[in-house]
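Next come the chains, spelled out residue by residue.
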Amino acid sequence: MQHKILKFEMAEHEAVMNVWWTGVLLKKMSGWFFRDRPVSPAQFNILMLLTYAEKPLTQREVSDRLLVDQSNVTGLVERMAKAGLIRRGDVPGDRRCVLLETTELGRRLVTEIEPEYLDLIRSLVRKFSPGELRLLNDFMVRLQAEAVQVEPALEDGRK
């Protein structure tokens with residue numbers, strides 16, 4: 001579904017809008033995929049991150065890595081801990097920090113859901129060659145880096 005209704009005067013605007021629309025579609029697909037599963041897309045992302053991390057992560061690290069506001073992570077973590085999906089632990093010497101890791105139940109959910117999730121991802125990118133995927137990844141990383149540079153100015157109300 002390509003948006004041909006809008007005419008773009010600038011190729012830059014068209015490129016950013018195509019990234020935006022793709023993100024919207026991917027978010028919708030994620031909602032459909034997780035609709036009948038025991039975790040939400042956000043909870044699954046946290047489970048995946050913690051499952052494959054080399055060590056327990058702090059809430060701040062989870063927030064930073066997933067580009068999610070820390071206040072949103074706090075609520076998710078609370079619900080996930082109550083559901084027995086993750087375990088919270090103390091950071092020696094820092095009572096403000098909380099370490100997070102998956103429980104056996106959380107790892108089992110990842111093991112159950114991940115194969116079908118990866119099949120969906122493969123189906124989305126099946127028409128891209130390995131070289132095109134490398135280029136797409138490179139382009140997205142570069143665009144994200146620019147967005148990170150612009151974000152503080154937008155937060156402060158500057159342009």
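Residues numbered from 1 in each chain as written. Predicted model: local features only at pLDDT ≥ 70, side-chain atom pairs only at ≥ 80, totals over all residues. Heavy atoms only, no water.

Trainee: Quick question: what am I supposed to make of helix H4 (residues 70-82) here?
Mentor: One turn of an α-helix holds 3.6 residues; hence residues three or four places apart share an orientation. Between its terminal C-alpha atoms H4 stretches 18 Å, which fits the 18 Å expected from 13 residues at 1.5 Å a residue. Turning to H4, its buried residues number three or more, namely Val 73, Leu 76, Val 77, Met 80 and Ala 81. Down the axis of H4, the buried side of the element spans an arc of 130°, and every buried residue falls inside it. Those residues of H4 that are exposed and angled more than 90 degrees off the buried face are Ser 71 and Lys 82. On the buried face of H4, the contacting elements are helix H2 (41-52), helix H3 (59-66), strand E2 (86-91) and strand E3 (94-102). Of the residues flanking the end of H4, it is Gly 84, one or two places downstream, whose phi is positive at about 80°. (Helix = DSSP H or I, 4+ residues; strand = E, 2+ residues; numbered from the N terminus. Expected span 1.5 Å × (residues − 1). Buried < 20%, exposed > 50% of the residue type's maximum accessible area, 1.4 Å probe, protein only. Arc of directions from axis to C-beta. Contact = heavy atoms within 4.5 Å.)

Trainee: Would you take a moment to explain the nonpolar core for this structure?
Mentor: If you look at soluble globular proteins, the nonpolar side chains tend to sit buried side by side. Val 39, Phe 44, Leu 47, Leu 50, Val 62, Ile 86 and Ile 113 are the most contacted members of the largest nonpolar core, which totals 23 residues. Elements with a contribution of two residues or more to this core: helix H1 (11-34), H2, H4 and helix H5 (104-124). Considering each element in turn, this core owes the most residues, 6 residues, to H2. Setting aside residues no more than four positions away along its own chain, Phe 44 makes contact with Phe 34, Val 39, Val 110, Ile 113, Glu 114 and Tyr 117. (Core = buried A, V, L, I, M, F, W, Y, C linked by side-chain atoms within 4.5 Å.)

Trainee: Any chance you could explain the pairing of E3 here in plain terms?
Mentor: For a regular strand, side chains alternate in direction, first toward one face of the sheet and then toward the other. With 2 bridges joining them, strand E1 (residues 57-58) and E3 adopt antiparallel strand pairing. The residue of E3 that forms the bridge with Leu 57 is Leu 100. The turn linking E2 back onto E3 is made up of 2 residues, and Gly 93 within it adopts a positive phi angle of 85°. (Pairing = 2+ DSSP bridges.)

Trainee: Please clarify how the packing of aromatic side chains should be interpreted in this entry.
Mentor: We describe a pair of aromatic rings using the distance from one ring centre to the other and the angle between the two ring planes. By the definition in use, this model includes 6 aromatic pairs. Plain terms: the ring middles of Phe 34 and Phe 44 are 5.1 Å apart, the flat faces sit at 45° to each other, and that makes the pair tilted. Residue Phe 34 is located in helix H1, and its partner Phe 44 is located in helix H2; the two are separated by 10 residues in the primary sequence. Each member of the pair, Phe 34 as well as Phe 44, is classed as buried. Both rings, one in Phe 34 and one in Tyr 117, keep their centres 6.1 Å apart while their planes meet at 50°; by these two values the pair is tilted. Taken as a pair, Phe 34 in helix H1 and Tyr 117 in helix H5 lie far apart in primary sequence, 83 residues in all. Ring-pair connections join several aromatic residues into one group, and the members of that group are Phe 33, Phe 34, Phe 44 and Tyr 117. A cation over a ring is seen here: Arg 37 above Phe 33, with NZ or CZ 3.9 Å from the ring centre. (Phe/Tyr/Trp six-rings, centres within 6.5 Å; stacked < 30°, edge-to-face > 60°. Lys NZ or Arg CZ within 6 Å of the ring centre and 35° of its normal.)

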